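Residue strings, one per chain:
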Amino acid sequence: MGLSSSCATEHKDWTGKYGEVWKAARLAVLTESEAASPLADVPYSLRHAGVSLWLESGVSPAEVARRAGHSIAVLFRFYAKAIHRSRQRSNEQIERALEAAEGE
């Protein structure tokens, strides 16, 4: 799962006041190892990981976009790698469906 924070850096400067507040919040509520995780770098990292997990778990892109509050275009732009990684699973699902249809 990609943990890139490229989306985060487009939205806020995490080296200033926002970064200080986020760091204090992390330290207040997370264990030391959780706070040190790349998922805790910025709020968007954890969100990105969650959306990627949904996609890689087989949730349809339309449903993931709805839950994340994205348009499909935004979902495909920022989560293309996660969508691409599920290609093999999708191919296997199609193959099983075709085999089942042939058996009828």
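Our subject in this report is the structure included herewith.

Conventions and cut-offs
- Residues numbered from 1 in each chain as written.
- Predicted model: local features only at pLDDT ≥ 70, side-chain atom pairs only at ≥ 80, totals over all residues.
- Heavy atoms only, no water.
- Axes fitted to C-alpha atoms, helices over the stretch in contact; angles between N-to-C directions.
- Helix = DSSP H or I, 4+ residues; strand = E, 2+ residues; numbered from the N terminus.
- Parallel < 35°, antiparallel > 145°, perpendicular 65-115°, else oblique.
- Left-handed = near helix turned anticlockwise from the far one by under 90°.
- Contact = heavy atoms within 4.5 Å.
- Nonpolar A, V, L, I, M, F, W, Y, C, P; charged D, E, K, R; others polar.
- Salt bridge = Lys/Arg side-chain N within 4 Å of Asp/Glu carboxyl O.
- Buried < 20%, exposed > 50% of the residue type's maximum accessible area, 1.4 Å probe, protein only.
- Core = buried A, V, L, I, M, F, W, Y, C linked by side-chain atoms within 4.5 Å.

**Thoughts on the packing of helix 4 (residues 43-56) against helix 6 (residues 72-85)**
For the pair helix 4 and helix 6, the least separation of the axes is 9 Å and the interaxial angle reads 50°. By the criterion of interaxial angle, the relationship of helix 4 to helix 6 is oblique. In this structure, helix 4 crosses over helix 6, and the sense of that crossing is right-handed. Of helix 6, the residues touching helix 4 (which contributes Arg47, His48, Val51, Ser52, Leu55 and Glu56) are Leu75, Phe78, Tyr79, Ala82, Ile83 and Arg85. For the contact of helix 4 with helix 6, the per-class residue count stands at 7 nonpolar, 2 polar and 3 charged.

**A few points about the pattern of salt bridges**
Using the criterion set out here, one finds 4 salt bridges in the structure. Across the salt bridge formed by Glu63 and Arg66, the nearest N and O atoms sit 2.7 Å from each other. Residue Glu63 and its partner Arg66 are both found in helix 5 (residues 61-68); the two are separated by 3 residues, about one turn of the helix. Residue classification places Glu63 among the partly exposed residues on the basis of a relative accessible area of 23%. Looking at Arg66, the relative accessible area reads 56%, which means it is exposed. Salt bridges linked by common partners bring Glu63, Arg66 and Arg67 together as one network.

**Some details on the side chain of Arg26**
Examined against the element boundaries, Arg26 turns out to sit in helix 2 (residues 17-29). Its relative accessible area of 15% is what places Arg26 among the buried residues. Setting aside chain neighbours within four positions, we find Arg26 in contact with Ala35, Ala40 and Asp41.

**Brief notes about the nonpolar core**
If you look at the biggest cluster of nonpolar residues, it comprises 8 residues: Val51, Leu55, Val64, Ala65, Ala68, Leu75, Tyr79 and Ala82. Broken down by secondary-structure element, the contributors of at least two residues to this core are helix 4, helix 5 and helix 6.

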